[in-house]
Amino acid sequence: MGGLCTALCLVLMFMTGMVPVSTFALPAVAGLVLIVVAVEMGRRTALVVYAATALLCIFVVPDVEASMLFLCFFGYYPIIKPKIDGLRSVVLRWVLKFGIYNAAVVVAYLCVIFLFGLTQVLEETGPWGQYGLLILLGLANVIFVLYDVVVKRMYLLYLCWFRPKFLHRAH
């Protein structure tokens, strides 16, 4: 199962670059694949599948930006989200989630710009300059809240509908 999920994630990651939005959307979808591994085989195995996929993405996927987004956030977030959601304090949960997300995005783009030398990412903000980056990060935080909801719903969909119907396993 781990190998199949790694392969499926890689296929999704190879499709990035075909449509402009896919640089952001497909790493997020690839991360959702790891929900199956986390539920069926455990969080540790899911982290191994994430690591294998992330490593392969860096070496074989042409879209560096998408690979770094998968590596720095989308690949592991669906695996750790249930643990974070288990915290009692709602405020602590959201502070932790936003902290992880923002740190991951900043690290991903620092790697894209300085490690891989893709400085055109900075030029995409156009006349907005440095403020454009802050505006984009703010908008990305709104999208993150939506992604957090999607991950939760995908877990529920898998546990309550797909798993009992197709795998004949109760949650």
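Structure: above.
Residues numbered from 1 in each chain as written. Predicted model: local features only at pLDDT ≥ 70, side-chain atom pairs only at ≥ 80, totals over all residues. Heavy atoms only, no water.

Trainee: Looking at this structure, I do not really get the side chain of Lys 81. What am I missing?
Mentor: Looking at the element boundaries, Lys 81 is found in helix H5 (residues 77-85). Looking at Lys 81, its side chain comes within polar contact range of the side chain of Asp 85, at 2.4 Å. Separated by 3.1 Å, the side chains of Lys 81 and Asp 148 make a polar contact. Look past the residues within four positions of Lys 81 in its chain and what remains in contact with it is Lys 97, Asp 148, Val 151 and Lys 152. (Helix = DSSP H or I, 4+ residues; strand = E, 2+ residues; numbered from the N terminus. Polar contact = N/O pair within 3.5 Å; in protein donor to acceptor, adjacent residues only side chain to side chain. Contact = heavy atoms within 4.5 Å.)

Trainee: Please explain helix H2 (residues 22-41) as it appears in this structure.
Mentor: One full turn of an α-helix is made of 3.6 residues, so residues set three or four places apart face in the same direction. With 20 residues, H2 ought to run about 28 Å at 1.5 Å a step, and its terminal C-alpha atoms sit 28 Å apart, in line with that. The buried fraction of H2 amounts to 14 of the 20 residues, a majority that puts the element mostly inside the structure. Positive backbone phi, at 100°, marks Gly 42, one or two positions downstream of H2. (Expected span 1.5 Å × (residues − 1). Buried < 20%, exposed > 50% of the residue type's maximum accessible area, 1.4 Å probe, protein only.)

Trainee: Explain unusual backbone geometry here, please?
Mentor: Comment: phi is negative for the bulk of residues other than glycine, and the bulk of peptide bonds are trans. Positioned with a positive phi, His 168 is a non-glycine residue whose angle comes to about 55°. Looking at the element boundaries, His 168 is found in the segment after helix H8 (129-167). Residue classification places His 168 among the exposed positions, given a relative accessible area of 67%.

Trainee: For this particular structure, what's the right way to read the packing of aromatic side chains?
Mentor: The relative placement of two aromatic rings is captured by the distance of their centres and the angle of their planes. If you walk through the whole model with that rule in mind, you get 18 aromatic pairs. Judged by centre distance (5.0 Å) and plane angle (80°), the ring pair of Phe 73 and Tyr 101 falls under edge-to-face. Here Tyr 101 lies in helix H6 (residues 90-115) and Phe 73 lies in helix H4 (residues 64-74), a separation of 28 residues in the sequence. Taking the centre distance of 6.4 Å and the plane angle of 40° together, the rings of Tyr 77 and Tyr 147 count as tilted. With Tyr 77 in helix H5 and Tyr 147 in helix H8, the pair connects residues that are 70 residues apart, well separated along the chain. Classification of Tyr 77 as buried rests on a relative accessible area of 0%. Assessed through its relative accessible area of 8%, Tyr 147 is described here as buried. (Phe/Tyr/Trp six-rings, centres within 6.5 Å; stacked < 30°, edge-to-face > 60°.)

Trainee: Explain a nonpolar patch on the surface to me, please; I cannot follow it from the model alone.
Mentor: On the surface, Phe 14, Leu 55, Leu 56, Ile 58, Phe 59, Val 60, Leu 115 and Phe 116 cluster together into a nonpolar patch covering about 770 Å² of accessible area. Per-element accounting of the nonpolar patch gives the leading share, five residues, to helix H3 (residues 43-60). Counting through the fold element by element, Phe 14 comes out in helix H1 (residues 2-14). (Patch = residues over 30% accessible without salt bridge, like charges linked within 9 Å, V, L, I, M, F, W, Y side chains within 5 Å. Areas by Shrake-Rupley, 256 points an atom, 1.4 Å probe, with all protein chains shown as cover. Salt bridge = Lys/Arg side-chain N within 4 Å of Asp/Glu carboxyl O.)

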